[in-house]
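Chains, contacts and geometry: an overview
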Amino acid sequence: MKIDLRCIPCNLNSLLRILDQNHAGEEEKKQVVRTFMKEVAEMDWSDTPIDIGRKVGEALEPLFGDSDAFRDIKKMSNDNLLEIYDDLKTELLKLDDPLIGALKLSVAGNIIDVAPGHKIDIHSTMKDALSRPFAIDDLQELADRIRKANSLLIIGDNCGEAVLDKLLLDIAKVPNSYFSVRTKPALNDITMKEALEIGMDEVATLMDSGADAPGAQEKTMKREFSEVYFSADVVISKGQGNLEGLSSVKREIFFLLMAKCEVIGGFLGVPKGSFVAYKKAESRG
């Protein structure tokens, strides 16, 4: 997926929200925005939106250094979902098909995203997910594939949402399960620190994907992760960012997400706000 011009104001707005949330001064804001706009102006337009997201992080580095600007938000999101984890699991196990239910909740969890700047009501969203139709619905095929799989990789996205991914892995019980994280903080995406805090290592082998921006890309993958990525029986990619970075790759991937903007909606051919479970088939050549 290539850069769309609408991705520029979206990322700029995200950058401004981060600065405001961290009480940056007016001159600090101007310097960060100046750096960001200069870098974006020199980008290759054949790059992905992920590469613009990387510019956001790079522009913020002089101001925040190695500190995680979203640390408190990420912990709160995870804690809120962990509080109801056992209750959710109990309810899922009552369903005729707990795995389909877990997949739907995993998609619903994708609404926990700071970047788009919308109000979050995760409880109503999860309730809605169990009855709401999907604009692209490859859930049954995905569930059937998971049941037969010896290895499953979930490419993680946001905190909070990741607790529901843990629940999915808990329900699926694939013999060799893997969950990947960002290599460094990027917005409210999950890193190794948060993955360990939520106990993701109880249900999967944790892997550092090498992603240094809000989305995975094959060009940034670490070798150990790449080996699992290419060999896993089933790969699930969570969220918009990972779709942006992996939509053109050759291997088969199941993309689970909510289409939160017109750019992603247009790319997939679905209305904004749609739930999506999209199988991208393996391509040759």
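Residues numbered from 1 in each chain as written. Predicted model: local features only at pLDDT ≥ 70, side-chain atom pairs only at ≥ 80, totals over all residues. Heavy atoms only, no water.

Named according to an unreviewed UniProt entry, the chain is Damage-control phosphatase ARMT1-like metal-binding domain-containing protein originating from Mesotoga prima MesG1.Ag.4.2.

Concerning the nonpolar core
The line we're drawing: Nonpolar core, defined: a set of buried Ala, Val, Leu, Ile, Met, Phe, Trp, Tyr and Cys residues in which side-chain atoms within 4.5 Å join the residues together. Burial classes: relative accessible area under 20% of the type maximum marks a residue as buried, over 50% as exposed, and values in between as partly exposed (1.4 Å probe, protein chains only). Only runs of H or I of at least four residues qualify as helices and only runs of E of at least two qualify as strands under DSSP, and these elements are numbered from the N terminus. Should any heavy atoms of two residues lie within 4.5 Å, those residues are considered in contact.
If you look at the biggest cluster of nonpolar residues, it comprises 48 residues, and the most contacted ones within it are Leu103, Ile146, Phe179, Met200 and Ile236. Ranked by the residues each element gives to this core, the list is headed by helix H9 (residues 161-172), at eight residues. With sequence-adjacent residues up to four places away left out, Leu103 is seen in contact with Leu139, Leu142, Ala143, Ile146, Leu168, Ile236 and Leu256. Among the nonpolar cores identified, the runner-up in size contains 43 residues, and Leu15, Phe225, Leu243 and Leu246 belong to it.

What to know about the domain arrangement of the chain
The condition that has to hold: What marks off one domain from the next here is an automatic or database domain assignment. Buried surface area refers to the total accessible area, computed with a probe of radius 1.4 Å, that the two partners give up upon joining, counted for both partners together. Salt bridges are defined by distance alone: a side-chain nitrogen of Lys or Arg within 4 Å of a carboxyl oxygen of Asp or Glu. Throughout this description, a polar contact denotes any pair of N or O atoms lying within 3.5 Å of each other; where both atoms belong to protein, one of them has to be capable of donating a hydrogen while the other can accept it, and for residues adjacent in sequence the pair is counted only when both atoms sit in side chains.
When its domains are assigned, the chain resolves into domain 1 (6-64) and domain 2 (70-280). The C-alpha-based centres of domain 1 and domain 2 are spaced at 25 Å. Between domain 1 and domain 2, the residue contacts involve 13 residues of the former and 20 residues of the latter. For the pair domain 1 and domain 2, the summed buried area comes to about 1,200 Å², and 56% of that belongs to carbon and sulfur atoms. Considering only the side of domain 1, the residues that lose the most area to domain 2 are Arg6, Ile50 and Arg54, jointly responsible for 42% of the buried surface there. At the junction of domain 1 with domain 2, the criterion picks out three salt bridges. In this structure, the connection of domain 1 to domain 2 is made through six residue pairs in polar contact (both at pLDDT 80 or more). Only helix H1 (7-21) and helix H3 (49-64) provide two or more residues apiece to the side of domain 1 that touches domain 2. A total of six residues in the side of domain 1 that touches domain 2 trace back to one element, the largest contributor, which is H3.

Notes on the packing of helix H2 (residues 26-41) against H3
Test applied: Each axis is a line fitted through C-alpha atoms, taken for helices only over the stretch in contact, and angles between the N-to-C directions span 0 to 180 degrees. Each crossing gets its handedness from the near helix: less than a right angle anticlockwise from the far helix is left-handed, clockwise is right-handed. Only Asp, Glu, Lys and Arg are considered charged, only Ala, Val, Leu, Ile, Met, Phe, Trp, Tyr, Cys and Pro nonpolar, and every remaining residue, Gly among them, polar.
Across the interface, H2 lies against H3 with an axial gap of 9 Å and an inter-helix angle of 145°. Both H2 and H3 take part in a crossing whose hand is right-handed. Residues Glu28, Val32, Thr35, Phe36, Glu39 and Val40 of H2 form the contact with H3, whose participating residues are Ile52, Lys55, Val56, Ala59, Leu60 and Leu63. A class-by-class count of the residues in the contact of H2 with H3 yields eight nonpolar, one polar and three charged.

What about the packing of aromatic side chains?
Note the cut-off: In this scheme Phe, Tyr and Trp rings, the latter by its six-membered ring, pair at centre separations within 6.5 Å, and the angle between planes marks the pair as stacked below 30 degrees, edge-to-face above 60, and tilted otherwise. Definition used: whenever NZ (Lys) or CZ (Arg) falls within 6 Å of the ring centre and also within 35 degrees of the ring normal, the charge is taken to sit over that ring.
Taken as a whole, this structure holds four aromatic pairs when the rule is applied. An angle of 75° between the planes, with centres 4.7 Å apart, marks the rings of Tyr229 and Phe230 as edge-to-face. With a relative accessible area of 0%, Tyr229 lands in the buried category. Ring pairs connect the aromatic residues Phe225, Tyr229 and Phe230, which therefore count as one cluster. Over the ring of Phe275 we find Arg132, and its NZ or CZ is 4.0 Å from the ring centre. Against the face of Tyr85 rests Lys166, its NZ or CZ located 5.1 Å from the ring centre.

A short note on the sheet that holds strand E2 (residues 151-155)
Quick note on the threshold: Here the rule is simple: two strands pair whenever DSSP picks up at least two bridges between them.
Read across the sheet, seven strands follow the order E1-E7-E6-E5-E2-E3-E4 without closing on themselves; strand pairing throughout is mixed. Edge positions in the open sheet fall to strand E1 (136-137) and strand E4 (205-208), since each of these has one partner strand only. Pairing of strand E5 (residues 234-238) with strand E6 (residues 253-258), which is carried by three bridges, proceeds in the parallel orientation. Of the residues in E6, the one forming a bridge with Ile236 is Phe254. On top of the sheet, helix H11 (residues 223-231) reaches E2, strand E3 (176-181), E4, E5 and E6; it is set at about 120° to E2, its chief contact.

A word on the pattern of salt bridges
Counted by the stated rule, this structure contains 29 salt bridges. Salt-bridge contacts for Glu202 lead to Lys166; the nearest nitrogen and oxygen are separated by 3.3 Å. Residue Glu202 is found in the loop between helix H10 (192-197) and E4, and its partner Lys166 is found in helix H9; the two are separated by 36 residues along the sequence. Ionic pairing is found between Arg182 and Asp189, a salt bridge with its closest N-O pair at 2.9 Å. Summarising the burial analysis for this pair, Arg182 and Asp189 share the class buried. Beyond isolated ion pairs, a larger network of salt bridges with shared partners links Asp68, Arg71, Lys74, Glu194 and Glu197.

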